[in-house]
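Coordinate inspection notes
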Amino acid sequence: MRRRILRSMLTVLTITTVVLGVPLTYTAWLWVEDITRNDLQSRLDRVATEVIAQEQADGLVRGGLDVRVVRPLVPEDGKLTIVYPSPQDNASRLDIGAGSVPDPLVESLSMGTSGSLRLEVPAGPMHARQRQAVAGVALAVLASLGAAVTVAVVTARRVADPLRDVAARAARLAMGDFRPDPRRHGISELDRVSDVLDSATVEIAGRLQREHALVADVSHQLRSRLTAVRLRLDELSAHADPEVVHEAEEAMAQVDRLTDAIDELVRASRDEDAADRDPIPVMDELSGIVTEWTHPFAEAGRTLMLTGDASLRAPITASRLREAVTVLIDNALMHGGGTCTVSVRTVRPGNAREPLVCVEVADEGEGVRDELAPHIFDRGFSAGGSTGVGLALARALIEADGGRLELQRRRPALFAVFLGSSVSARTTGTVPEPR
């Protein structure tokens, strides 16, 4: 930020310096020449006054021109040529000063019937003064530019540093650091942003505390109810009918898994992001889900398959991954058709440096209609009479650990979960893009 602000200000200063400095330099050059020529013209005026004063009543200069008063008006190394009327040949010429002037600067003056004057001086001294004037203007311009650069650096720092501080504070807030920051920067707009961040910090912290308390209460209530259900099922496990006992044991296993899932989700909601988690084996986490859902698919006359590389690992919360994939499998069972395939592979989307672990859930049904696809992850949106929470919840669970859930193909439907990769050593080479 500071560099961009400084670069913009320096660009403006440079353009201003060029726009003003070049005309000012040219003006200084002409100004020295005008002063020199005005001095020569003044000398010629005084010489003309002396020549006219020596004319007689008939307008002629008799007895020759007296140059004693005129000679001091001729500059050193200069040459004055006087043409004046005389009785001998009506016009006489008189040269005063140097015989010849190299590179002359010439000024002339016509005196009408009284003759004319021509004054020549070397142009070298004038050029030297012009160069000095240009150098003075250049030094002044450079000095002003240096002062302007100093002001630009100070201004850029004064503007960029507060912006960086506010951005860093917003980043800390996004990472869950709700400590207040009393610093202000003397810039009203940024100070107002800091005030808003203070208010947001208090509000977000309060809401998180209330949500954590609510999650704890809900989980406690659920565990209590599940414990009661398990006790009733435990009683059924003592029934004389073996089929009832089998169903009771299966139901108790489901209750145990649900209790474990609730505990893991509560713990995950209090943990940090998945960036620092130890990678988990993705296939091992999904195999239990596929085994659990194989029977419902078989009852519907369909098949559920799990394929992929068992060595792939990803830094994600196991419970979140299981719940998200469970939603996708349930969605395929309710709205899809044919074989449902859960596959685990690696992909390298775009210009990503490292491959990602991709979990794909696909079926052979009619897929998602075009008008529904843009809203399929919207909370509360459903075209099949459901609550419209499942897919929105699945995406939220995956995004909570830094992954993403996308509808990769509409017909037949294919959902893809992209996870940060921790690929095994034997997985090498470039993998294809997501389908």
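Residues numbered from 1 in each chain as written. Predicted model: local features only at pLDDT ≥ 70, side-chain atom pairs only at ≥ 80, totals over all residues. Heavy atoms only, no water.

Section: the environment of V149
The cut-off we apply is this: Only DSSP runs of H or I reaching four residues or more are called helices, and only runs of E reaching two or more are called strands; each is numbered from the N terminus. Relative accessibility thresholds used throughout: buried, under 20% of the residue-type maximum; exposed, over 50%; partly exposed, between the two (1.4 Å probe, protein chains only). Here a residue-residue contact requires only that any non-hydrogen atoms of the pair lie within 4.5 Å.
Residue placement: V149 occurs in helix α2 (residues 124-174). Its relative accessible area of 28% is what places V149 among the partly exposed residues. Residues V149 and L13, spaced 136 residues apart in sequence, show a C-alpha to C-alpha distance of 7.9 Å. Aside from chain neighbours lying at most four places away, what touches V149 is L10 and L13.

Notes on a nonpolar patch on the surface
Where we set the bar: Patches here: salt-bridge-free residues with over 30% relative accessible area, like charges joined within 9 Å, nonpolar side chains (Val, Leu, Ile, Met, Phe, Trp, Tyr) joined within 5 Å. With residues, only the protein chains shown are counted as cover, and all accessible areas are computed by Shrake-Rupley using a 1.4 Å probe. Salt bridges are defined as contacts in which a side-chain nitrogen from Lys or Arg sits within 4 Å of a carboxyl oxygen from Asp or Glu.
The grouping of I15, V19 and L20 at the surface amounts to a nonpolar patch, some 300 Å² of accessible area in total. Among the structural elements, L20 can be located in helix α1 (residues 2-53). Judged by its relative accessible area of 56%, L20 falls in the exposed class.

Observations concerning α2
Filter applied, for reference: One less than the residue count of a helix, multiplied by 1.5 Å, gives the span that helix is expected to have.
If you check α2, its first and last C-alpha atoms are 73 Å apart, about what 51 residues at 1.5 Å a residue would give, namely 75 Å. Phi for G176, located one or two positions after α2, is positive at around 100°.

Brief notes about the pairing of strand β9 (residues 356-362)
Counted only if it meets this: In this analysis, strands are considered paired if DSSP registers two or more bridges between them.
Where burial is concerned, most of β9 is hidden: 7 out of the 7 residues are buried. Covered by surrounding structure in β9 are L356, C358, E360 and A362 together with V357, V359 and V361, the residues of both alternating faces. Taken together, the 7 bridges between strand β8 (residues 340-347) and β9 define a ladder with antiparallel strand orientation. Bridging across to β9, S343 finds its partner in E360. Here β9 pairs with strand β11 (residues 414-419) via 6 bridges, running antiparallel.

Observations regarding a negative patch on the surface
Stated precisely, the cut-off is as follows: Here the positive residues are Lys and Arg and the negative ones are Asp and Glu; neither His nor the chain ends is included. For charged residues, the charge sits on one atom: NZ in Lys, CZ in Arg, CG in Asp, CD in Glu.
A contiguous patch of negative charge on the surface is contributed by D241, E243, E247, E249 and E250. Inspection of the secondary structure puts E249 in helix α4 (residues 242-270).

Section: the sheet that holds β9
Selection criterion: Where helices are involved, their axes are fitted lines through C-alpha atoms of the stretch in contact, as for all axes, and angles between N-to-C directions lie from 0 to 180°.
Pairing is mixed across the open sheet formed by 5 strands, whose spatial order is β6-β8-β9-β11-β10. In the strand order of this sheet, the two ends are held by β6 (304-308) and β10 (404-409), each with one partner. The average angle at which neighbouring strand axes cross in this sheet is 20°, direction not considered. Its contacts with the sheet place helix α5 (residues 282-299) against β6, β8, β9 and β11, and it is angled at close to 165° to β6.

Section: the UniProt feature "transmembrane region" (unreviewed entry) in the protein chain
Stated precisely, the cut-off is as follows: UniProt positions are given in the numbering used here, feature names are shortened, and annotations may be inferred rather than shown by experiment.
As recorded in UniProt, the sites labelled "transmembrane region" (unreviewed entry) are residues 12-32 and 133-154. The distance separating the terminal C-alpha atoms of residues 12-32 is 30 Å; by composition the span is 100% helix and 0% strand. Taken end to end, residues 133-154 has its terminal C-alpha atoms 32 Å apart, with 100% of it in helix and 0% in strand.

So, unusual backbone geometry
Going from R411 to P412, the amide bond is cis rather than trans, its omega being -20°. Mapped onto the elements of the fold, P412 is located in the loop between β10 and β11. The residue D103 is not glycine, and still its phi comes out positive at about 45°. Relative to the helices and strands, D103 is located in the loop between β2 (92-97) and β3 (104-110). On the basis of relative accessibility, which here comes to 52%, the residue D103 falls in the exposed class.

Observations regarding the environment of Q254
Here Q254 shows up in helix α4. As for Q254 and R230, which are separated by 24 residues in sequence, their C-alpha atoms are 9.6 Å apart.

Points about the packing of aromatic side chains
Condition: For this analysis, a ring pair means two rings from Phe, Tyr or Trp (six-membered ring only for Trp) whose centres lie within 6.5 Å, classed as stacked if their planes differ by under 30 degrees, edge-to-face if by over 60, and tilted for the remaining angles. In this scheme, the term charge over a ring applies when either NZ of a lysine or CZ of an arginine sits within 6 Å of the ring centre and within 35 degrees of the ring normal.
Applying the stated criterion across every chain, the model contains 1 aromatic pair. Their ring planes at 90° and their centres at 6.1 Å tell us that F377 and F415 sit as a pair that is edge-to-face. You can see F377 sitting in the loop between β9 and α7 (390-400) and its partner F415 sitting in strand β11, a full 38 residues away along the chain. With respect to burial, F377 and F415 carry one shared label: buried. Positioned over the ring face of F377 is R395, at 3.9 Å from the centre of the ring.

Description of empty space enclosed by the protein
Put simply, the test is: Definitions used for this entry: grid spacing 1 Å over protein atoms alone; cavity, a set of points where a 1.4 Å probe fits but cannot get out; pocket, an open set with protein on both sides within 12 Å along at least 5 of 7 lines; lining residue, one with an atom within 4 Å of a point. Grid points are joined across faces, edges and corners, and a volume is the space filled by probe spheres set on the points. Residues are sorted three ways: Asp, Glu, Lys and Arg are charged, Ala, Val, Leu, Ile, Met, Phe, Trp, Tyr, Cys and Pro are nonpolar, and all the rest, Gly among them, are polar.
Scanning all chains against the criterion turns up 1 cavity of 30 Å³ or more. A volume near 50 Å³ is recorded for the largest cavity. Among the residues making up the lining of the largest cavity, the classes are represented as 1 nonpolar, 2 polar and 4 charged.

Description of the pattern of salt bridges
Per the counting criterion, the structure on display carries 14 salt bridges. Residue R118 is joined to E120 by a salt bridge in which the shortest nitrogen-to-oxygen separation is 2.7 Å. Note on R118: relative accessible area 36%, which makes it partly exposed. Judged by relative accessible area, E120 falls into the buried class, the value being 11%. With its nearest N and O atoms 2.7 Å apart, the salt bridge here joins D198 to R184. Remark: R184 occurs in the loop between α2 and α3 (188-236) and D198 occurs in helix α3; sequence separation between them is 14 residues.

Comments concerning the packing of helix α6 (residues 318-335) against α7
When two helices pack together, their arrangement is given by the angle between the helix axes and the distance between those axes. Going by this rule: Under this scheme an angle from 65 to 115 degrees is roughly perpendicular, one under 35 degrees roughly parallel, and one over 145 degrees roughly antiparallel; angles in between are oblique. Handedness of a crossing is defined here by the sense of rotation of the near helix relative to the far one, left-handed for an anticlockwise turn of less than a right angle and right-handed for a clockwise turn.
Close contact between α6 and α7 brings their axes to 9 Å; oriented N to C, the two are set at 150°. As far as their axial angle goes, α7 and α6 are roughly antiparallel. In this structure, α6 crosses over α7, and the sense of that crossing is left-handed. Every residue of α7 that contacts α6 at R320, E323, A324, V327, L328 and N331 is listed here: G390, L391, A394, L397, I398 and A400. Across the contact of α6 with α7, the residue classes tally to 8 nonpolar, 2 polar and 2 charged.

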